[in-house]
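Next come the chains, spelled out residue by residue.
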Amino acid sequence: MENYVYRFEPGARSIIQMGEELIGHPSTAINELIKNGYDADATTCKVYLNYSKDNSQSFICISDNGLGMNSDTLFGDWLQPSVSQKRGGSGKSKIFHRNFLGSKGIGRLAAMALGRYLTVITKTAEETHYNWLVIDREKFKDELLLSEIKFPGGRTEKISEILTNNDVIEIKNYTSNQVLTNYLKAKKLVDFKEGSLIIVESLDDSITTIVEDEFLNGDIEIQDIDLIRSLKILITPLILNSTIQDELIQKRILDKKYEIATPESTFDLFFGCNLIKNNFDDEFLKIEEYSILSNFDYRVLGKVDRSGDVTGIYYCNRLIEDSFNIPFSLIAADVFSADYSRGRKIEEINQATTNKVGEFYFDIRVFDRDPDAMDKLSKFLKSPGRRETGRLLDEIVGLRISKNGFGVKPYGDEESDWMGLSQMRVQNPSAVIGVNQLIGNIFLYSPENDALSEKTNREGFFENEAFITFKKVLRSILLDVGKQRYNYRQKHGIGRKADSKNDRPDSSRFLDFIKNITKDKKVINEAENYLNEISTTLDNLENSLSFSQRLATLGSGLELVYHEMAQPMMIIGKCLFAMKFPVGRVAKLEDRNEILAEMSGIKTAVNTLDLLKESLQPAIGISRKKRFKPLDIFNKVCYLLTKDLIANNISVTVDESFNEFFINDHEYHLWISFLNILNNSIYWLTQTELKDKTIFFKKGINGEISISNNGPKVDIGELENIFNYGVSHKKGNLRSGLGLAYTRSLLGTNDWEIWCENYSYGPAFILKPLISKK
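Since the structure is predicted, the reported quantities are computational estimates derived from the model, not experimental observations. (Residues numbered from 1 in each chain as written. Predicted model: local features only at pLDDT ≥ 70, side-chain atom pairs only at ≥ 80, totals over all residues. Heavy atoms only, no water.)

A word on the overall build of the protein
Logical step 1: When helices and strands are counted, the protein shows 23 helices and 22 strands.
Logical step 2: In the protein, which comprises 774 residues, the share counted as buried stands at 49%.
Logical step 3: Taking contacts inside the protein between residues at least 6 apart in sequence as the whole, the part at least 24 apart equals 72%.
Logical step 4: Just so you have it, the protein exposes about 38,600 Å², and 51% of that area is on carbon and sulfur atoms. (Helix = DSSP H or I, 4+ residues; strand = E, 2+ residues; numbered from the N terminus. Buried < 20%, exposed > 50% of the residue type's maximum accessible area, 1.4 Å probe, protein only. Contact = heavy atoms within 4.5 Å. Areas by Shrake-Rupley, 256 points an atom, 1.4 Å probe, with all protein chains shown as cover.)

Written out as structure tokens, the structure reads:
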């Protein structure tokens, strides 16, 4: 047998293939080159794009004042794809100790993905010369080995010599780019102490098409151009990183900052284009954070610790007269508890049970799209109207992720609903925040969050266990914020314009008609308010009908169980009776005692089922009135909740006057009411540290019934709001916001009323007949 040693010899085309597959969009390629400047300790990076219908004159130049590359690096590691000096070592930059953003060695591929000719010019402060390379990407399309492709490069003391070098002119098919030369001279880039110049000429259609579609379209604002928006998304987290942590420290949520660089580190990013500035002497456009971030309606800011507990602050600025901020918290047990959701992606999220990500921070800002909210935002942005404001908001909404201060694509990109918010909203449209309503930033760092591993193509994280956990935590936060927002909107009667359902009237068409026949703002505002009220009323009706349908189905099932369980219980009872006599004939005493013990256990189970059946009897909704004791119904409900009462050490105290108190009424609505109120009481008592937790069942002098407890009181402003559909202040998955709403609705149809008030020791729910009950 022969045994030799072999090796791969990659083909030249592999460079092209890797570049095309790893860099999916021109903005991704530009972002990678900017990140390389940041990693090189640059304080300034400039991106200049020159567009020309003569593509030989088009180019993009990315310059930075970083440390640059010496000869050994440029002509060594840089020429080895996927090799990076950043891997290993401290993972920090030399001067500002920045966490490295790139370590995959694909920056050079990013540059080659933008156009045909790539020129790299770089210099360190220690060297007296510039190191350079010029590469023609088309040469890599030949059927040759990668090692057979040659291209010019070397050292020079004058950058201008590179542009006039015969080999360089030859490789560019003897085409001279005078516009590029003029630009480099105007910006003094022909002579710099240290840094790097990345120049790409003869740009690909992928980037020239963007320029033609957006820059040459007079209807698009400069700030809305895709390339500029991408740079804003990239840089905004770096600007926010320090301010967010300062705020968390001020609120005592963080003890100290997670530093991604030394305090002296600064990084300014600029963008220029000949279609924006016709004169090279004009200043570049500085890329800054979105100003809209400071004018939110709702906001939650905080951290997720390593155990999965969430701590933060919830802000509400929706209405000036009721603005506030309160603590925001979720415990890991609620965050990772099982949800009952449809859809494969949501089910994958639900599989997460512990925090695999590490500690991270979040800042999520929510914007209402109601007319008054859009008017307020329009005033802040000084935009001409709601339509323009809505368009701007649509451009920048999304839930974004940054790592070490820079945005990670594609999270937060247009049409990137990576959290599945649209699917969640279909299941619960009232409480789930839409993807077009939020601007969120999630802050990750190395090495704390390195379990989230970024894909080689820089298009997101691998969907490993850590990423599934990450989405589960964020989903819990978003659901809780959505619920608090919904409660607030219900409290203040803030309605939304719902989509047309079941032949709903087209309110927007009617409003347009009003605007066409009058310019009277008072009339238009009154029409808008009236239409909002109609939409809100229809929304509530839909919620009520949907919930009633669910209850009807549940009631039918419960009635079936109630009736069908009788026969099996009777058969088991007969069997037990019939077994008494044969057991006596079992000779072996040990066997006989074991059978008798099993029979005793079965008898106990049957008795338990019989008690359960009796407790469920009021719930099947028998329509006839009867004379009964409310205490009997209360005791039946308590029996159903025995396990929860004992497990949480909750005692029940009953007013003795109930022993002889009878009413003539339906049992069903009181059974449902007692069940919902007791469930509510048990939940809130478990949220306290009280040793003596007690529920009180009392009778008033006017026939009213009160169920109270010594748990936390209800906020005064929420005493009435808690009876609205969808409103709930419970945490986790135990809330629906339907129980108390249905209780009031059911009692109302049976001539009873219910309200909530705070006694000296805790909250109380009072039930009272509206008319005399005999």
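Quick look at unusual backbone geometry
Where the residue is not glycine, phi is negative for most of them; where a peptide bond is considered, it is trans in most cases.
Logical step 1: Here the bond from Ser 446 into Pro 447 is cis, since omega is 0 degrees, no more than 30 degrees from zero.
Logical step 2: Summarising the element assignment, Pro 447 is placed in the loop between strand 15 (438–444) and helix 15 (465–491).
Logical step 3: Despite not being glycine, Lys 382 has its phi angle at roughly 60 degrees, a positive value.
Logical step 4: Along the chain, Lys 382 turns up in the loop between helix 12 (371–381) and helix 13 (386–396).

What about the pairing of strand 15?
Logical step 1: Of all seven residues that make up strand 15, seven are buried, and the element is covered over most of its length.
Logical step 2: Of the two faces of strand 15, the one lined by Leu 438, Gly 440, Ile 442 and Leu 444 and the one lined by Ile 439, Asn 441 and Phe 443 are each fully buried.
Logical step 3: When strand 12 (residues 360–366) meets strand 15, the two strands line up antiparallel, connected through six bridges. Paired with Tyr 361 across the bridge in strand 15 is Phe 443.
Logical step 4: Across six bridges, strand 13 (residues 398–403) lies against strand 15 in parallel orientation. Paired with Ser 402 across the bridge in strand 15 is Phe 443. (Pairing = 2+ DSSP bridges.)

Here's the deal with the packing of aromatic side chains
Logical step 1: According to the stated counting rule, one finds 33 aromatic pairs in the structure shown.
Logical step 2: Judged by centre distance (6.0 Å) and plane angle (50 degrees), the rings of Phe 59 and Tyr 183 are tilted. Of this pair, Phe 59 sits in strand 2 (residues 59–64) while Tyr 183 sits in helix 7 (residues 178–186); the two residues are 124 residues apart in sequence, bridging distant segments of the chain.
Logical step 3: Accessibility expressed as a relative area gives 1% for Tyr 183, which makes it buried.
Logical step 4: Ring centres 5.7 Å apart and planes at 15 degrees place the aromatic pair Tyr 411 and Phe 461 in the stacked group. (Phe/Tyr/Trp six-rings, centres within 6.5 Å; stacked < 30°, edge-to-face > 60°.)

So, the packing of helix 22 (residues 668–686) against helix 23 (residues 739–749)
Logical step 1: Packing of helix 22 against helix 23 leaves a shortest axis separation of 9 Å and a crossing angle of 155 degrees. When the interaxial angle is binned, helix 22 and helix 23 end up roughly antiparallel. The handedness of the crossing between helix 22 and helix 23 is left-handed. Side by side, helix 22 and helix 23 meet where Tyr 668, His 669, Leu 670, Ile 672, Ser 673, Asn 676 and Asn 680 of the first sit next to Gly 739, Leu 740, Tyr 742, Thr 743, Leu 746 and Leu 747 of the second. (Axes fitted to C-alpha atoms, helices over the stretch in contact; angles between N-to-C directions. Parallel < 35°, antiparallel > 145°, perpendicular 65-115°, else oblique. Left-handed = near helix turned anticlockwise from the far one by under 90°.)

Quick notes on the sheet that holds strand 13
Neighbouring strands of a sheet are bound in pairs by backbone hydrogen bonds; such pairs are parallel or else antiparallel.
Logical step 1: Taking strand neighbours across the sheet as the criterion, the seven strands line up as 11-10-9-12-15-13-14 in an open arrangement whose pairing is mixed. The outermost strands of the open sheet, each flanked by one partner alone, are strand 11 (324–330) and strand 14 (406–408). For this sheet, the mean inter-axis angle between neighbouring strands, taken without regard to orientation, is 20 degrees.
Logical step 2: One ladder, built from seven bridges, connects strand 9 (residues 298–304) with strand 10 (residues 310–316); its direction is antiparallel. Within the sheet, the bridge partner assigned to Leu 301 lies in strand 10 and is Ile 313.

Just distances and angles here, no functional claims.
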